[in-house]
Amino acid sequence: MKLSITIAKEAAKNAPIVLRGSYTENIKKAAKMGYDAVEIHVNDPNTLDIGEIQKACEENNIVVSTIGTGMGYGMDGLSFTDPDGTVRDRAVKRIFNHICAAKELDAKVIIGSMRGTIADTNDRKKYEEYALKCFDKIMNSAEKNNVIILNEAINRYETNFINNIEESLEFIEKINSPYLKLHLDTFHMNIEEQDMLKGILKAGKSLGHFHFADSDRWYPSHGHIDFKSIIKALKDISYDDYIAFECLPLPTPDEAAEKGLKHIKIFI
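Residues numbered from 1 in each chain as written. Predicted model: local features only at pLDDT ≥ 70, side-chain atom pairs only at ≥ 80, totals over all residues. Heavy atoms only, no water.

Visitor: Let's hear about the side chain of Glu 39: which residues, and what values?
Guide: Tracing the backbone through its elements, the reader meets Glu 39 in strand β3 (residues 37-41). Contact partners of Glu 39, with chain neighbours within four places excluded, come to Ser 4, Ile 5, Thr 6, Ile 7, Ser 65, Thr 66, Ile 110, His 209, His 211 and Ala 244. (Helix = DSSP H or I, 4+ residues; strand = E, 2+ residues; numbered from the N terminus. Contact = heavy atoms within 4.5 Å.)

Put into structure tokens, the structure is as follows:
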């Protein structure tokens, strides 16, 4: 298993993005701290200077693990379940751009918030069909570009569409693409899963990415989640991909990054 840290040029104060500011400076900082990778969160991937990021990664012996897309929903209101078809089209085009950036950076693309919510729970099937059609389009692009898409299960207080492992696996099965994987997050799992360890075992080979944050969404070891047992469960399913710290930048960004890393490295 390899460790990644979330970075963004700008992020909302309460967003679970640890390092903010210059991409190149945070790539250098993450590498110096001992991280294997960074996870870039960006609203419009066309604003990224791919060459500059690649150069910084090469010079600091670090890589980009993943690209987060949630700002497209949080800032621009783009989602795959919006009742307005033009908004859905814009959401798909935005993810196309994320896929292009991911191809250049050899990274995966996360679909969490941009999957959307169900506006009318009496007509869930209609909204799910909206999402399925959008996923079909982006999976076609992902397959052509050899980019893995990650479907993140998010807790009920943030969305009412795909909250847990079982729902996410069912959705992935409907898409039926080897390029679509399950993405889990300990903060969301702590709310939604009856047994987090059994959930990881159930995810098995479908698991493509993992976010770590403690029960209070601070860095690992600040709350009550048993990360030692979680890492053991990941080892039991032979998970050897990235764990990214997506947690609040508290008490300071550097402290969150350093303390979380120190705690998790004990168990890997």
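There's plenty left to go through after this.
Visitor: Before we move on, can you summarise the pattern of salt bridges with the specific residues and values?
Guide: Tallied over the full model, the rule gives eleven salt bridges. Here Glu 158 and Arg 217 are joined by a salt bridge, their closest N and O atoms 3.3 Å apart. Highlighted residues: Glu 158 in the loop between β6 (149-152) and α6 (165-175) and Arg 217 in the loop between β8 (207-212) and α9 (227-236), separated in sequence by 59 residues. Accessibility expressed as a relative area gives 38% for Glu 158, which makes it partly exposed. (Salt bridge = Lys/Arg side-chain N within 4 Å of Asp/Glu carboxyl O. Buried < 20%, exposed > 50% of the residue type's maximum accessible area, 1.4 Å probe, protein only.)

Visitor: Give a description of the layout of surface pockets that names residues and reports values.
Guide: Remark: the empty space left among the atoms is shown by a probe the size of a water molecule rolled over them. Of the volumes computed, that of the largest pocket is approximately 800 Å³. If you trace the largest pocket, you find 35 residues lining it, with Ala 15, Ile 17, His 41, Gly 70 and Met 71 closest to the centre. Contributing elements (two or more residues each) for the lining of the largest pocket: α2 (50-60) and α3 (71-74). The greatest single-element share of the lining of the largest pocket, amounting to three residues, is contributed by α3. Class assignment for the residues of the lining of the largest pocket results in 14 nonpolar, twelve polar and nine charged. (1 Å grid on protein atoms, 1.4 Å probe; cavity = no way out; pocket = protein on both sides within 12 Å on 5 of 7 lines; lining within 4 Å. Points joined across faces, edges and corners; volume = space filled by probe spheres on them. Nonpolar A, V, L, I, M, F, W, Y, C, P; charged D, E, K, R; others polar.)

Visitor: Just give me the short version of the pairing of β6, but keep the residues and values in it.
Guide: Going residue by residue along β6, you find Ile 149 and Asn 151 tucked away on one face and Leu 150 and Glu 152 tucked away on the opposite face as well. Sheet analysis places strand β5 (residues 108-111) next to β6, joined by three bridges and oriented parallel. Opposite Ile 111, over in β6, you have Asn 151 as the bridge partner. Running through helix α5 (residues 124-145), the crossover from β5 to the neighbouring parallel element β6 is right-handed. In the sheet, β6 pairs with strand β7 (residues 180-185) via four bridges, with the strands oriented parallel. (Pairing = 2+ DSSP bridges. Right-handed = clockwise from strand over helix to strand, strands pointing away.)

Visitor: Could you give an account of the packing of aromatic side chains, with specific residues and numbers?
Guide: Taken as a whole and assessed by the stated rule, the structure comprises nine aromatic pairs. With centroids separated by 5.7 Å and ring planes inclined at 85°, the aromatic side chains of Tyr 127 and Tyr 130 adopt a geometry described as edge-to-face. Residue Tyr 127 and its partner Tyr 130 are located together in helix α5, separated by three residues, close to a single helical turn. Residue classification places Tyr 127 among the buried residues on the basis of a relative accessible area of 6%. Considering the side-chain rings of Phe 210 and Phe 212, the 5.4 Å spacing of their centres and the 85° angle between planes classify their relative orientation as edge-to-face. Both residues of the pair, Phe 210 and Phe 212, count as buried. Here the guanidinium or amino end of Arg 88 rests over the ring plane of Tyr 130, the centre of that ring lying 3.7 Å away. (Phe/Tyr/Trp six-rings, centres within 6.5 Å; stacked < 30°, edge-to-face > 60°. Lys NZ or Arg CZ within 6 Å of the ring centre and 35° of its normal.)

Visitor: Which residues make up a negative patch on the surface, and what values do they have?
Guide: On the surface, a cluster of negative charge is contributed by Glu 166, Glu 167, Glu 170 and Glu 173. Mapped onto the elements of the fold, Glu 166 is located in helix α6. Judged by relative accessible area, which is 45%, Glu 166 ranks as partly exposed. (Patch = residues over 30% accessible without salt bridge, like charges linked within 9 Å, V, L, I, M, F, W, Y side chains within 5 Å. Areas by Shrake-Rupley, 256 points an atom, 1.4 Å probe, with all protein chains shown as cover. Lys, Arg positive; Asp, Glu negative; His and termini not counted. Charge placed at Lys NZ, Arg CZ, Asp CG, Glu CD.)

Visitor: Before we move on, could you go through the packing of helix α8 (residues 196-203) against α9 and cite the residues and values that matter?
Guide: Running from amino to carboxyl end, α8 crosses α9 at an angle of 20°, the nearest separation of the two axes being 9 Å. Taken as axis vectors, α8 and α9 run roughly parallel relative to one another. The crossing of α8 and α9 is right-handed. In this structure, α8 contributes Met 196, Leu 197, Ile 200 and Leu 201 to the contact, and α9 contributes Ser 229, Ile 230, Ala 233, Leu 234 and Asp 236. Counted by class, the contact of α8 with α9 contains seven nonpolar, one polar and one charged residues. (Axes fitted to C-alpha atoms, helices over the stretch in contact; angles between N-to-C directions. Parallel < 35°, antiparallel > 145°, perpendicular 65-115°, else oblique. Left-handed = near helix turned anticlockwise from the far one by under 90°.)

Visitor: I'd like a rundown of the environment of Lys 103, residues and numbers included.
Guide: With respect to the helices, strands and loops of the structure, Lys 103 is situated in helix α4 (residues 85-105). Sequence separation of Lys 103 and Gly 199 is 96 residues, and the distance between their C-alpha atoms is 30 Å. Ignoring sequence-local partners within four residues, the contact set of Lys 103 consists of Asn 145 and Val 147.

Visitor: Please set out unusual backbone geometry residue by residue, giving values where relevant.
Guide: Residue Pro 251 is bonded to the preceding Leu 250 through a cis peptide linkage, with omega at 0°. Position of Pro 251 relative to the elements: it lies in the loop between β9 (242-245) and α10 (253-265). In this structure, Ile 162 is a non-glycine residue whose phi angle is positive, near 70°. Among the secondary structure elements, Ile 162 is positioned in the loop between β6 and α6. Take Ile 162: its relative accessible area is 4%, and that puts it in the buried class.

As far as function goes, none of this settles anything; it's purely spatial.
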